[in-house]
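Here's the letter readout for the chains.
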Amino acid sequence: MPSVAVKLYSVFFKFLLKHRLQNRIQASLDESSANTYGVTTRPEESVSASNPSFTDGVATKDIHIDPFTALSIRIFLPESALSPPEQPDPKPNPRSFQHDDPFSLNHRRNSYGPANIGAPRNDSRRNSYEGLNLRSDNNVYRGYSPSPVNCRKLPIMLQFHGGGWVSGSNDSVANDFFCRRIAKLCDVIVVAVGYRLAPENKYPAAFDDGLKVLNWLGKQANLSECSKSMGSGARGVGAEFTKAEVQRHIVDAFGASMVEPWLAAHGDPSRCVLLGVSCGANIADYVARKAVEAGRLLDPVKVVAQVLMYPFFIGNVPTQSEIKLANSYFYDKAMCLLAWKLFLPEEEFSLDHPAANPLIPDRGPPLKLMPPTLTVVAEHDWMRDRAIAYSEALRKVNVDAPVLEYKDAVHEFATLDMLLKTPQAQACAEDIAIWVKKYISFRGHEFSY
């Protein structure tokens, strides 16, 4: 059973969430027209300020990427990006792996699908601070400013926060803590998406925002390559050119560079992973489907895997867990139904809506084309059975789709760890890192990093 602290916090959380949902319903009835610009956070949300220097091993910055909506992102750049660039190893040398502590992962209750047992090694990487510039040319900017050449490239992970469609944000204290942990463990650049919330912006606004960020990554990669080409052409092939010269070639109407320097220097969009939390998992799955349909149109962005953490799936025909655990911790079924009513347009409301039920027929593309999918579920989460069923459907068509179920865990146990302090949260983050590195490692072996 969950701890007493988790139970007490769950009671408080459910009371507060119910009050907020009822206020949102009343506000949506009073509004005469939708606000297309939208909101990405609530006034009552505790947010963490961005910090572009590596004070705790991760630098962060916020970017507003769409002038017509409130869509924004927060970039989490791990300090490991300052290490010398890695070179692909043409001859992988798989290393044997053995746990020092056989009980280190005993918080995982069960796992379905291919077993990938292990824990990431604590490699003591020597960080190179050469090229670390904490000021811009005018000596005002105090954050990290990368060198345009000889930078280490890291995979990119798009992260979609939870909150039942109506709350949460990419810069909340809890989400900031979780993304920092994932960035350091997985050794990736995390791009946390601040999508528009309901009821101000109903379906498909949040889904469109997720896909818009994926397309923005592709645009940034192409702009970065164009900048490099233009810089080389102006000075001759192989000539040396400064960072300012590279980035000033492509500017917007106000003269600002359109190339995001952190992603241009350190991002590798050909190794893109999607990670969704709660309702964010529904967005991640939608974005993965659209990426499959787009194919090479997204080049150079390639979605190589996705992680669905306790997805916000539901359906008209209840599963066993939906019946047995309907009044479970944090998000019970009654409150989730309110959230879905706020998110879906009234004329489209159905628990078998494509955004809600991943197993409805004729929901393209074919499941066999989906990327490898890791599903994380909690023992005391009423939505767990439908997530497991979706994973089973993927495995039936030979998609790598294991399920990790955590004993005594509740919905949002890993992403609310800053408040809950559960031992399962750290184990979950380490398990995600082990599985993800199979698909983002240059060497292609899960234990070769």
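First, a word on scope: everything that follows refers to the structure included in this document.

Cut-offs and rules
- Residues numbered from 1 in each chain as written.
- Predicted model: local features only at pLDDT ≥ 70, side-chain atom pairs only at ≥ 80, totals over all residues.
- Heavy atoms only, no water.
- Helix = DSSP H or I, 4+ residues; strand = E, 2+ residues; numbered from the N terminus.
- Buried < 20%, exposed > 50% of the residue type's maximum accessible area, 1.4 Å probe, protein only.
- Contact = heavy atoms within 4.5 Å.
- Areas by Shrake-Rupley, 256 points an atom, 1.4 Å probe, with all protein chains shown as cover.
- Pairing = 2+ DSSP bridges.
- Salt bridge = Lys/Arg side-chain N within 4 Å of Asp/Glu carboxyl O.
- Expected span 1.5 Å × (residues − 1).
- Polar contact = N/O pair within 3.5 Å; in protein donor to acceptor, adjacent residues only side chain to side chain.
- Phe/Tyr/Trp six-rings, centres within 6.5 Å; stacked < 30°, edge-to-face > 60°.
- Lys NZ or Arg CZ within 6 Å of the ring centre and 35° of its normal.
- Axes fitted to C-alpha atoms, helices over the stretch in contact; angles between N-to-C directions.
- Parallel < 35°, antiparallel > 145°, perpendicular 65-115°, else oblique.
- Left-handed = near helix turned anticlockwise from the far one by under 90°.

## Focus: the overall build of the protein
Right, on to step 1. A count of helical and extended segments in the protein gives 11 helices and nine strands.
Right, on to step 2. For the protein, the proportion of its 449 residues judged to be buried stands at 55%.
Right, on to step 3. The long-range share in the protein, meaning contacts at least 24 apart out of those at least 6 apart in sequence, stands at 79%.
Right, on to step 4. Summed over its atoms, the accessible surface of the protein is roughly 19,900 Å², and 54% of this surface lies on carbon and sulfur atoms.

## Remarks on unusual backbone geometry
Right, on to step 1. Ala198 connects to Pro199 through a cis peptide bond whose omega is 5 degrees.
Right, on to step 2. The topology assignment puts Pro199 in the loop between strand S5 (189-194) and helix H3 (205-235).
Right, on to step 3. With an omega of 10 degrees, the peptide bond between Asp299 and Pro300 qualifies as cis.
Right, on to step 4. One non-glycine residue, Trp165, lies in the positive phi region at around 75 degrees.
Right, on to step 5. Summarising the element assignment, Trp165 is placed in the loop between strand S4 (154-160) and helix H2 (173-186).
Right, on to step 6. Accessibility expressed as a relative area gives 1% for Trp165, which makes it buried.
Right, on to step 7. In this structure, Asp362 takes a positive phi of about 60 degrees despite not being glycine.
Right, on to step 8. Within the secondary structure, Asp362 is located in the loop between helix H8 (333-343) and strand S8 (373-378).

## Quick word on the pairing of S8
Right, on to step 1. Counting buried residues along S8, six of its six residues qualify, which places the element largely inside the surrounding structure.
Right, on to step 2. Residues Thr373, Thr375 and Val377 of S8 are buried on one face, and the alternating residues Leu374, Val376 and Ala378, pointing to the opposite face, are buried as well.
Right, on to step 3. By the bridge criterion, four bridges tie strand S7 (residues 303-309) to S8 in an arrangement that is parallel. Following the sheet pairing, Met309 is matched in S8 by Val376.
Right, on to step 4. As judged from the four bridges shared by S8 and strand S9 (residues 403-406), these two strands associate in the parallel manner. Counterpart to Val377 in the pairing with S9 is Glu405.

## As for the pattern of salt bridges
Right, on to step 1. Taken as a whole, this structure holds 21 salt bridges when the rule is applied.
Right, on to step 2. When the shortest N-O distance is used, the salt bridge between Arg180 and Asp176 registers 2.7 Å. Highlighted residues: Arg180 and Asp176, both in helix H2, separated by four residues, approximately one helical turn.
Right, on to step 3. Under the relative-accessibility criterion, Asp176 is labelled buried at 5%.
Right, on to step 4. The residue Lys302 makes a salt bridge to Asp299 at a minimum N-O spacing of 3.5 Å.

## What to know about helix H11 (residues 423-440)
Right, on to step 1. With 18 residues, H11 extends 26 Å from end C-alpha to end C-alpha; this agrees with the ideal 26 Å at 1.5 Å per step.
Right, on to step 2. Along H11, 15 of the 18 residues are buried, which leaves the element largely enclosed by surrounding structure.

## Details of the side chain of Arg180
Right, on to step 1. Of the residues examined, Arg180 reaches a relative accessible area of 11% and is grouped as buried.
Right, on to step 2. Looking at Arg180, its side chain comes within polar contact range of the side chain of Asp56, at 2.7 Å.
Right, on to step 3. One polar contact links the side chain of Arg180 to the main-chain carbonyl oxygen of Val58, over a distance of 3.1 Å.
Right, on to step 4. Other than its neighbours up to four places away in sequence, Arg180 contacts Asp56, Val58, Thr60 and Phe76.

## So, the packing of aromatic side chains
Right, on to step 1. All told, the structure shown has 17 aromatic pairs when counted by the stated rule.
Right, on to step 2. One aromatic cluster is present, built from ring pairs that chain together Trp165, Tyr203, Phe207, Tyr286, Phe312, Tyr331, Trp340 and Phe343.
Right, on to step 3. The side chain of Lys61 reaches across the aromatic face of Trp262, ending 4.4 Å from its centre.

## A few points about the packing of H2 against H11
Right, on to step 1. Between H2 and H11, whose axes approach to 9 Å, the crossing angle comes to 45 degrees. When the interaxial angle is binned, H2 and H11 end up oblique. As for how H2 packs across H11, the hand of that crossing is right-handed. Two secondary-structure elements touch here, H2 through Arg181, Ile182, Leu185 and Cys186 and H11 through Ala425, Gln426, Ala429, Glu430, Ile432, Ala433, Lys437 and Ile440.

## A few points about the environment of Pro371
Right, on to step 1. By secondary structure assignment, the location of Pro371 is in the loop between H8 and S8.
Right, on to step 2. Sequence separation of Pro371 and Gln306 is 65 residues, and the distance between their C-alpha atoms is 6.8 Å.
Right, on to step 3. Every residue in contact with Pro371, bar those within four places of it in the chain, is listed here: Ala288, Val292, Val303, Val304, Ala305 and Val399.

Interpretation in functional terms is not warranted from these geometric data alone.
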